[in-house]
Amino acid sequence: MQHPADVLFAGEKPFPALPAVDHYAGSEKLMRKALQLQQELGPIFDVTCDCEDGAHAGAEAEHATMAAELILSKDNRFGRVGARIHDITHEHWQQDLEILVRLAGRSLAFVTLPKVRSASDAAEQIRALRAIEASHGIDKAIPVHVLIETHGALREAWEIAALDSVESLDFGLMDFVSGHHGAIPGSAMTSPGQFTHPLVVRAKVEIAAAALGNGVVPSHNVTTELKDLDYIRGDAERARREFGYLRMWSIHPNQIRPIVEAMRPDFSEVEAAVEILANAQAVGWGPTQHKGKLHDRASYRYFWELLSRAKATGMAVGEQAERRFFG
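As recorded in an unreviewed UniProt entry, the chain goes by CoA ester lyase and comes from Aromatoleum petrolei. What the UniProt record of the chain gives under Cofactor (unreviewed entry) is the line "Mg(2+)".

Here it is, written out as structure tokens:
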């Protein structure tokens, strides 16, 4: 039987199946703690080793080396650990790439580019990444995530999302608000302001549209609340339901579970997806009926992506789906 990934994306760019949470850790202690939690919960969240904010001035090389060694370690059980490098105006961004790729290039899940000012900035860093990969004999392109947090990046979000190997556009809310020189109040860095201020809403909508329009995952900014799980879950639900974000940052272990829960698809839709896809697979992906409604490849694509997202968030999808689609 043909697998939906082989049938439904023929001639198209497959949509990335990324975990719903991108968890940031800056210090070695926090990186190790995040990896331990990932081993306990499974690959329902990514870990990003932060070589930008995490590194002390003058110790950039040591920090990148430490991150690479952790990415290579046995604690990286699922291969879902990436790294954020310094921005393009920083003198050490190429050194970050060189160390990470040379030491851990085959285990590096992704590289995140912060504070790009334009599509040309992102393209320049991606070219450097490809050259370093080639110099170390790595023939599989490492995926790239790009932070949209400057005026120029927002203006060229569609061009950035269309760049080769970009799989995520991430909204950097705090730097974006700070870049408005007081025109946006600090209250827009938290809820409810981050979901109601017109300039922030415009940015979130444009980033999500650019990402989804180019087959890229839109990733929502972090919430600053660390303890109130309902508050955290509420931010994630608004990001998902009102703005179309499929992934969200976390900066504290308390945030991971409520974000994952908020990003999960509706269970009844997941059950229907399994039935519809199983029926379609049985007839070679021709049109079928399910509860009196017609389905074809257009709806099969929707239900396959929904089922993949459910799996990525740790939902139980049932024995039939595991056997047919994930075995």
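So much for the structure itself; the text now carries on.
A. Examining the side chain of Glu133 more closely. Structurally, Glu133 can be placed in helix α5 (residues 119-135). Of the polar contacts made by the side chain of Glu133, one reaches the side chain of Arg130; its length is 2.7 Å. What Glu133 contacts, discounting residues up to four positions off in sequence, is Val101, Ile138, Lys140, Ala141 and Ile142.

B. Inspection of the packing of aromatic side chains at higher detail. Scanning the entire structure with this criterion turns up seven aromatic pairs. Here the aromatic rings of Trp285 and Tyr300 are separated by 5.7 Å at their centres, their planes lie at 70 degrees, and the arrangement is edge-to-face. Residue Trp285 is located in the loop between α12 (267-282) and β9 (288-290), and its partner Tyr300 is located in helix α13 (residues 297-312); the two are separated by 15 residues in the primary sequence. Here Trp285 and Tyr300 have matching classes, each one buried. Taken together through their ring pairs, the aromatic side chains of Trp304, Phe325 and Phe326 make up a single cluster. Of note, Lys204 hangs over the ring of Phe243, and the distance from its end group to the ring centre comes to 5.9 Å.

C. View of the pattern of salt bridges. If you walk through the whole model with that rule in mind, you get 20 salt bridges. Between Arg32 and Asp75 there is a salt bridge, and its shortest N-O distance comes to 3.8 Å. In this pair, Arg32 is assigned in helix α2 (residues 28-41) and Asp75 in the loop between α3 (60-72) and β3 (81-84), connecting sequence segments 43 residues apart. Judged by its relative accessible area of 42%, Arg32 is partly exposed. Between Lys115 and Glu52 there is a salt bridge; the shortest N-O distance is 3.0 Å. Of this pair, Lys115 sits in the loop between β4 (111-113) and α5 while Glu52 sits in the loop between β2 (45-50) and α3, placing them 63 residues apart in sequence. By relative accessible area, Glu52 is classed as buried at 9%. Taken together, the salt bridges that share partners define one network made up of Asp50, Glu52, Asp53, Arg84, Lys115 and Asp175.

D. View of the packing of α13 against helix α14 (residues 319-326). Where α13 contacts α14, the axes come no closer than 12 Å and their chain directions differ by 110 degrees. What the angle tells us is that α13 and α14 run roughly perpendicular. Contacts between α13 and α14 involve Trp304, Leu307, Ser308 and Lys311 from the first element and Ala321, Glu322, Phe325 and Phe326 from the second. In terms of residue class, the contact of α13 with α14 is built from five nonpolar, one polar and two charged.

E. How the structure looks around the UniProt feature "domain: HpcH/HpaI aldolase/citrate lyase" (unreviewed entry) in the chain. UniProt's entry tags residues 79-239 with the feature "domain: HpcH/HpaI aldolase/citrate lyase" (unreviewed entry), counted in the numbering of this structure. With 45% helix and 14% strand, residues 79-239 has end C-alpha atoms that lie 27 Å from one another.

F. Broad picture of the layout of surface pockets. By volume, the largest pocket amounts to about 610 Å³. Contributing to the lining of the largest pocket are 28 residues, with Leu246, Glu305, Leu306, Ser308 and Arg309 lying nearest its centre. Elements supplying a minimum of two residues to the lining of the largest pocket: α10 (229-243), α11 (253-263) and α13. Here the lining of the largest pocket gets seven residues from one element, more than from any other, and that element is α13. Taken together, the residues that form the lining of the largest pocket break down as 17 nonpolar, two polar and nine charged. By volume, the second largest pocket is sized at about 340 Å³.

G. Summary view of unusual backbone geometry. Going from Ser191 to Pro192, the amide bond is cis rather than trans, its omega being 5 degrees. Here Pro192 lies in the loop between α8 (173-178) and α9 (198-213). One non-glycine residue, Lys291, lies in positive phi territory at about 55 degrees. Within the fold, Lys291 resides in the loop between β9 and β10 (293-295). Overall, the relative accessible area of 73% leaves Lys291 in the exposed class.

H. Representation of the sheet that holds β2 within the structure. Taken in spatial order, the eight strands of this closed barrel run β1-β2-β3-β4-β5-β6-β7-β8, and their pairing is parallel. Taken pair by pair, the neighbouring strands of this sheet meet at an average axis angle of 30 degrees, ignoring direction. Relative to β3, β2 runs parallel, the two sharing four bridges. Residue pairing in the sheet places Cys49 in a bridge with Ala83 of β3.

Basis of the calculations
- Residues numbered from 1 in each chain as written.
- Predicted model: local features only at pLDDT ≥ 70, side-chain atom pairs only at ≥ 80, totals over all residues.
- Heavy atoms only, no water.
- UniProt positions renumbered as here; feature names shortened; annotations may be inferred.
- Helix = DSSP H or I, 4+ residues; strand = E, 2+ residues; numbered from the N terminus.
- Polar contact = N/O pair within 3.5 Å; in protein donor to acceptor, adjacent residues only side chain to side chain.
- Contact = heavy atoms within 4.5 Å.
- Phe/Tyr/Trp six-rings, centres within 6.5 Å; stacked < 30°, edge-to-face > 60°.
- Buried < 20%, exposed > 50% of the residue type's maximum accessible area, 1.4 Å probe, protein only.
- Lys NZ or Arg CZ within 6 Å of the ring centre and 35° of its normal.
- Salt bridge = Lys/Arg side-chain N within 4 Å of Asp/Glu carboxyl O.
- Axes fitted to C-alpha atoms, helices over the stretch in contact; angles between N-to-C directions.
- Parallel < 35°, antiparallel > 145°, perpendicular 65-115°, else oblique.
- Nonpolar A, V, L, I, M, F, W, Y, C, P; charged D, E, K, R; others polar.
- 1 Å grid on protein atoms, 1.4 Å probe; cavity = no way out; pocket = protein on both sides within 12 Å on 5 of 7 lines; lining within 4 Å.
- Points joined across faces, edges and corners; volume = space filled by probe spheres on them.
- Pairing = 2+ DSSP bridges.

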